[in-house]
Every structure is written in structure tokens, then in C-alpha cells.
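Okay, here's what each chain looks like letter by letter:
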Amino acid sequence: MSDGTPFYITTPIYYVNDAPHIGHAYTTLACDVLARFKRLDGHDVRFLTGTDEHGQKVEKAAAVAGEAPQPFTDRMSNNFRRLADALHISNDDFIRTTEYRHKLASQGIWDALVAAGDIYPGTYAGWYSVRDEAFFTESEVTKQENGTRIAPTGAICEWVEEPSYFFRLSEWQDRLLAFYEANPDFIAPQSRHNEILSFVKGGLQDLSVSRTTFNWGIPVPGDHAHVMYVWLDALTNYITAIGYPETNSDSFTRYWPADLHMVGKDIVRFHAVYWPAFLMAAGMAPPKRVFAHGWWTNEGEKISKSLGNVIDPYDLIERYGLDQIRYFLLREVPFGNDGDFSHRSMVQRMNGELANDYGNLVQRTLSMIDRNCGGTLPEPGGLSTEDEGLLGAVGGLLETLRRAMDRQAFHEALEDIWRVVRGANAYIAREEPWVLRKTDPARMGTVLFVAAETIRGLALATLPFMPDASHRILDQLAVATDARNYAMFGKAGTLNPGKALPGPQGVFPRYSGKDV
Ligand code: ME8
């Protein structure tokens, strides 16, 4: 149990050019699970999400919608806020880059970079992908037959030639490499670490950090013909939210450097190369870790608007249930790998692992207590080796979970939990409390108590993943609200024998909708 150690975790801030989809939901959910876990484990958690609202891409989307950028971003940003609510995200703050506090922070970091001598004026001439909001060199783009240049991401590039300020990124190569070497856990998973290392070893070019051909952005201090490059603006959100440029403030000193920036693999370069260089140049420590997760496809196909297969998180919640979606997304693929969303595997996990394994364990234990123990928690007698084995397995779960969660191995954490779920089902099958009811009611009481105590531990363990269902299980065990944290993990005496329980209610329904 950690006594209030700070834990600062962030999602990317999402572009407001379009509606949120399953990919955005995924990153935010993963952060939510970790934030909840750390809170339950006694950390002082700060969990940030928000929206990225400047730049050409958003400006163009506003124009297409026939709206001025600000009202357009107000409206679109709200969709992301609503999604966070629908997913029961426990964020402590929601940042928008069009807020005044963010203008102050962005201009503050600009001034710090200028003061450090890391910014100089010049002219940018090269390729730019509006979709990625990224610059590409001639050697990075592919020329198609019709002359169009395509970025490695598949996006169309346009030729840009305009006055621009540059950041001396080329001078940060050695310091970045030294930083990666001293902090081998900075970029995860390993594949991304290798990718970034080889990119930086290949040499870095100075980075254009302002634009002059449009004006939807934060004005460069002292030169309002320029707006800041949207990625410098966007990355700064992580320090805006904790009070930058006030680096002496309580919140800045408490939460910086961030413990974890969670991102998708598409934006790891911005977070693991540019961002630490900007921070070090401005006199700040880089974040402790950047985890880049994989990409979701839909029934084997790349998710894209043009293919018409964008997965709407609201549809999923309505069809399968929120906790079921939260579980599936973090269980289906080893976190860090790509994943495929399919109705078939969703239903398999929902009916198999949730309804049959976990749901059934809870349901049959609570029903037997309800029917055979007068609806009150039975008094345990002496414990057998079997009883102690199961209680030991659930009690030891916290340590295992901590290790998995600190590596963002959500799938492993869930596998560990399910090992105990299956162990508990096997225990009940072996002990046969329904037989003991006639032959040895006292022993039946012990078995049901041990099962109930195991379920209490399991519900605590699943709280970060499936908060609503887990709370409902704890309600049915009459666990006090202030006992729903990890200080109480494996702690005997939390369940009170003799206490009346509210009566069993199914928590994990089977999928009975039509196949899609
Ligand atoms: O890149 N599978 O915003 P964005 C998994 N504003 N994750 C996905 C996904 C998919 N198919 N599609 C999107 C930006 N994501 C910038 C970030 S941060 C300072 C600025 C998730 O709206 C994933 O986390 O394009 C990815 O990195 C992010 O959404 C990109 O969101």
C-alpha cells in the first residue's frame, strides 16, 4: 500500500476534427483502469485527458462544417467529454488547448526554448501531412505515379514553403540517446523502444515549430505572424494541467515528471523524441515513461471512415454493456500488440469468462448463502488446507497485479485474476457445499464463507476494470464503502459472519442479442 505517492497519468489529447471512436475509447480506458488501480492502492492520482484543438486539420474540418473554429471545437470537444462520461472515466481534469491556461503554458515553454537558445528563425521547405500534422523529408515520402507524395503513415502530403522558426533538435541526439540508455524503461513496449532508438541514431534534423500560412493556433510570443506548430502546443498540455509555467507551484512539483504518457503507436515519436527534447531544452525533466499501445482493426479490416467501419463506442455499450466492453478491450490482446475487434470473440468472452466463470461463481455462492444460511453470511469453522490454499491465492493476487499493472500488462493482470476465479469454481465443485448442506452444515458454512471471502478479493481486483459490476458484487457482500480499497486486500475480518446480505442479483448477463 502506497501512502499518497503521486501518480500522474495522461491520455493523448484527441483531435476534434471528427467524432470519437473505439480507438480513442481504448487509450482512455486503459488509463482509467490504471488510474483506478493506483487510487485503490493508495496513490495520489492525477489523471488527465482532453482535446487537441488547434492546427490545420481542425481548421479545415471547421471550414468543411461551415463553422468558425472556436464554436466548432467547443461542440466537438464536448463529444469527447461525453464519451468519457459514458465510459465512466475517472479523469481529474479535462484540458482543451483553446483554454487560456494553455496559451500561457505554451507561450511559456516557447519563451524558455528561446531563452535556452534552442529556437532560431528560418524558412521551411518540405512535405507536410495535415492528417498527421507532421513534416516529412523527401527521403521519407513515396512518390506515386500521379506525382502525389505519400507519408509513411499513408497520408497525402502537401509541399510547404514558408517562414518558420526551428527547434535545434539536431543538437539533442546524443543527449536523447544518453537519456534512453539511463532510462531503459522510458519507452515501452520493447518494439517501440527499438524503433525510436534506431530513428534517433539515424540522425535528427532541426524541427519546424511554427507556421505562417494559417492562423488557427497559439501566437508565437513576439512574432504574431507565426502560430506555434500544433504538436509543440499539444504536447505542452501535459504541463499546462499542473500549473506550468509556475514550476514552483505545489502541483507542478508534486506531479512532474509524469509517471506515464499513454499513447497509440502512431504518435510515439512525438512523445519519445520531440517531447523529451523540448522539456530538457526548457530545463524540465522528461516524463518517466511513454507506453505506446497497438492498433485496433474491425473484423480484420483497418478502421477508417472511408471504409464505413468505424466502431462507435456508444453502439458497443448499448449492445454488450459498459463493463463487458471495458473487460474485452483490455483482455483480448496483450497490451502493446494490435488487436482485432470481432463480435464473435466479444460474445465468447462475455458469455464464457464473464457470465460463466466469474458471474456464475458469484451467483451460485450468493444464492447458496441466501437459500441455505438464511441470507446471512455464515460463520467459518476451522480452515482446511484447501480453504487456506484458495484464500492464499486471492490474498497474493495484489502483489501479482501490482507487478503486471506497473508494466501496463493489463491482459496479464486479468489472466491472474481469472486463474483465481477458475480456482474458486474448482474449489466449489470439489467441496460440493450442496451435498454438505445435508451431511455437514457447519462445513458448508465454512466453504461458503471461504468462497465469499474469495469473491470479495476478486471484486476488489476487478474494480479498476469493471467498476460498476464489481461495486455491485461488493454491495451484495455488504462490504462497507470505506473498505473498498487495497489496504483491505486479503485482510481477514472485513466480511462479518452473521451479517444479513441484500440477496443475490445477476451481475454478468449472457449475450442474447442477435448475431451481427
Ligand atoms: O494524434 N486503435 O490525436 P488523435 C487504437 N492530437 N488506438 C487508436 C486508434 C485505433 N484504431 N485510433 C486512434 C492525436 N487511437 C494528437 C495527439 S497528444 C499531445 C496529441 C488512439 O485524435 C491512439 O491513442 O489522432 C492514438 O494515439 C490516438 O487515438 C490518436 O488520436
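One can find the structure itself at the top, above this paragraph.
Residues numbered from 1 in each chain as written. Predicted model: local features only at pLDDT ≥ 70, side-chain atom pairs only at ≥ 80, totals over all residues. Heavy atoms only, no water.

Chemist: Can you walk me through the nonpolar core in this structure?
Modeler: As a rule of thumb, nonpolar side chains are buried together in soluble globular proteins. Formed by 98 residues in total, the largest nonpolar core has its most connected members in Tyr358, Phe410, Ile417 and Phe465. If one sorts the elements of this core by residue count, helix H18 (residues 441–462) sits on top with 12 residues. Contact partners of Phe410, with chain neighbours within four places excluded, come to Ala30, Val33, Leu34, Met262, Leu330, Phe335, Met405 and Phe465. Among the nonpolar cores identified, the runner-up in size contains 84 residues, and Phe72, Ile95, Ala105 and Trp110 belong to it. (Core = buried A, V, L, I, M, F, W, Y, C linked by side-chain atoms within 4.5 Å. Buried < 20%, exposed > 50% of the residue type's maximum accessible area, 1.4 Å probe, protein only. Helix = DSSP H or I, 4+ residues; strand = E, 2+ residues; numbered from the N terminus. Contact = heavy atoms within 4.5 Å.)

Chemist: Just to check I follow, could you spell out the pairing of strand S14 (residues 260–264) for this structure?
Modeler: Looking down a regular strand, the side chains alternate between one sheet face and the other. Counted residue by residue, S14 has 5 buried out of 5 residues, so it is predominantly covered. Going residue by residue along S14, you find Leu260, Met262 and Gly264 tucked away on one face and His261 and Val263 tucked away on the opposite face as well. Bridge analysis of strand S1 (residues 6–15) against S14 gives 2 bridges, and the strand direction is parallel. Within S14, the residue paired with Ile9 across the bridge is Leu260. With 4 bridges connecting them, S14 and strand S15 (residues 290–293) associate as parallel partners. Residue pairing in the sheet places Gly264 in a bridge with His293 of S15. As for the winding sense of the linkage, the β-α-β connection from S14 through helix H10 (residues 268–281) to S15 is right-handed. (Pairing = 2+ DSSP bridges. Right-handed = clockwise from strand over helix to strand, strands pointing away.)

Chemist: What should I look at first to understand the site of the ligand in this one?
Modeler: In the neighbourhood of the ligand, 22 residues make up the surrounding shell, with Ile13, Tyr15, Thr27, Asp52 and Asp266 lying closest. Asp52 places a polar side-chain atom, nitrogen or oxygen, 2.7 Å from a nitrogen atom of the ligand. Note that a nitrogen atom of the ligand is positioned 3.0 Å from one of the backbone N or O atoms of Trp296. The fraction of the free accessible surface of the ligand (670 Å²) that becomes covered by protein chains is 94%. Taken together, the elements giving at least two residues each to the shell around the ligand come down to S1, helix H1 (22–40), helix H7 (230–235) and helix H8 (237–240). If one sorts the elements of the shell around the ligand by residue count, S1 sits on top with 4 residues. Partitioning the shell around the ligand into residue classes produces 11 nonpolar, 9 polar and 2 charged. (Near = heavy atom within 4 Å. Polar contact = N/O pair within 3.5 Å; in protein donor to acceptor, adjacent residues only side chain to side chain. Areas by Shrake-Rupley, 256 points an atom, 1.4 Å probe, with all protein chains shown as cover. Nonpolar A, V, L, I, M, F, W, Y, C, P; charged D, E, K, R; others polar.)

Chemist: Would you take a moment to explain the pattern of salt bridges for this structure?
Modeler: Close approach of charged atoms lets side chains of opposite charge pair. Using the criterion set out here, one finds 31 salt bridges in the structure. Two residues, Asp387 and Arg443, come together in a salt bridge whose shortest N-O distance is 2.8 Å. Of this pair, Asp387 sits in helix H14 (residues 385–395) while Arg443 sits in helix H18, placing them 56 residues apart in sequence. A single burial state applies to Asp387 and to Arg443, both of which are buried. A salt bridge links Arg402 to Glu399, with the shortest nitrogen-to-oxygen separation between them at 2.7 Å. Here the residue Arg402 and the residue Glu399 both occupy positions in helix H15 (residues 397–406), the gap between them amounting to 3 residues, near one helical turn. For Glu399, a relative accessible area of 39% corresponds to the partly exposed category. If you follow the salt bridges from partner to partner, you end up with Arg46, Asp93, Glu99 and Arg101 in one network. (Salt bridge = Lys/Arg side-chain N within 4 Å of Asp/Glu carboxyl O.)

Chemist: In this structure, what is going on with the environment of His54? I would like to understand it.
Modeler: Within the element layout of this structure, His54 appears in the loop between strand S2 (44–52) and helix H2 (56–65). The sequence separation of His54 and Ala429 amounts to 375 residues, and the corresponding C-alpha distance is 59 Å. Residues within four places of His54 in sequence aside, it is in contact with Thr97, Thr98, Glu133, Trp216, Gly217, Ile218, Val230 and Asp233. Only 2.6 Å separates the side chain of His54 from the side chain of Asp233, close enough to count as a polar contact.

Chemist: Where do I start with the sheet that holds strand S9 (residues 187–188) in this structure?
Modeler: Adjacent strands of a sheet pair through backbone hydrogen bonds, lying either parallel or antiparallel. Strand order in the open sheet formed by 6 strands is S3-S2-S1-S14-S15-S9, with parallel pairing between adjacent strands. Two strands close off the open sheet at either side, each with one partner strand: strand S3 (93–96) and S9. Pairing between S2 and S3: 4 bridges, direction parallel. Opposite Gly50, over in S3, you have Ile95 as the bridge partner. Where H1 meets the sheet, its contacts fall on S1, S2, S14 and S15, and the angle it forms with S1 comes to roughly 170°. (Axes fitted to C-alpha atoms, helices over the stretch in contact; angles between N-to-C directions.)

Chemist: What should I look at first to understand unusual backbone geometry in this one?
Modeler: With the exception of glycine, the majority of residues adopt a negative phi angle, and the majority of peptide bonds are in the trans configuration. Look at the link from Tyr244 to Pro245: it is a cis peptide, with omega at 10°. As for its position among the elements, Pro245 is in the loop between H8 and helix H9 (250–255). Of note, the amide linkage connecting Trp256 to Pro257 takes the cis form, showing an omega dihedral of 0°. With respect to the helices and strands, Pro257 occurs in the loop between H9 and S14.

Chemist: Help me out: how do you make sense of the packing of aromatic side chains in this one?
Modeler: Given two aromatic rings, one states the distance between the centres and the angle between the planes to describe the pair. Across all of its chains, the model carries 32 aromatic pairs by this definition. With centroids separated by 4.6 Å and ring planes inclined at 65°, the aromatic side chains of Tyr124 and Phe135 adopt a geometry described as edge-to-face. Remark: Phe135 occurs in strand S5 (residues 134–136) and Tyr124 occurs in strand S4 (residues 119–129); sequence separation between them is 11 residues. On the accessibility criterion, Tyr124 (11% relative accessible area) is buried. Note on Phe135: relative accessible area 13%, which makes it buried. (Phe/Tyr/Trp six-rings, centres within 6.5 Å; stacked < 30°, edge-to-face > 60°.)

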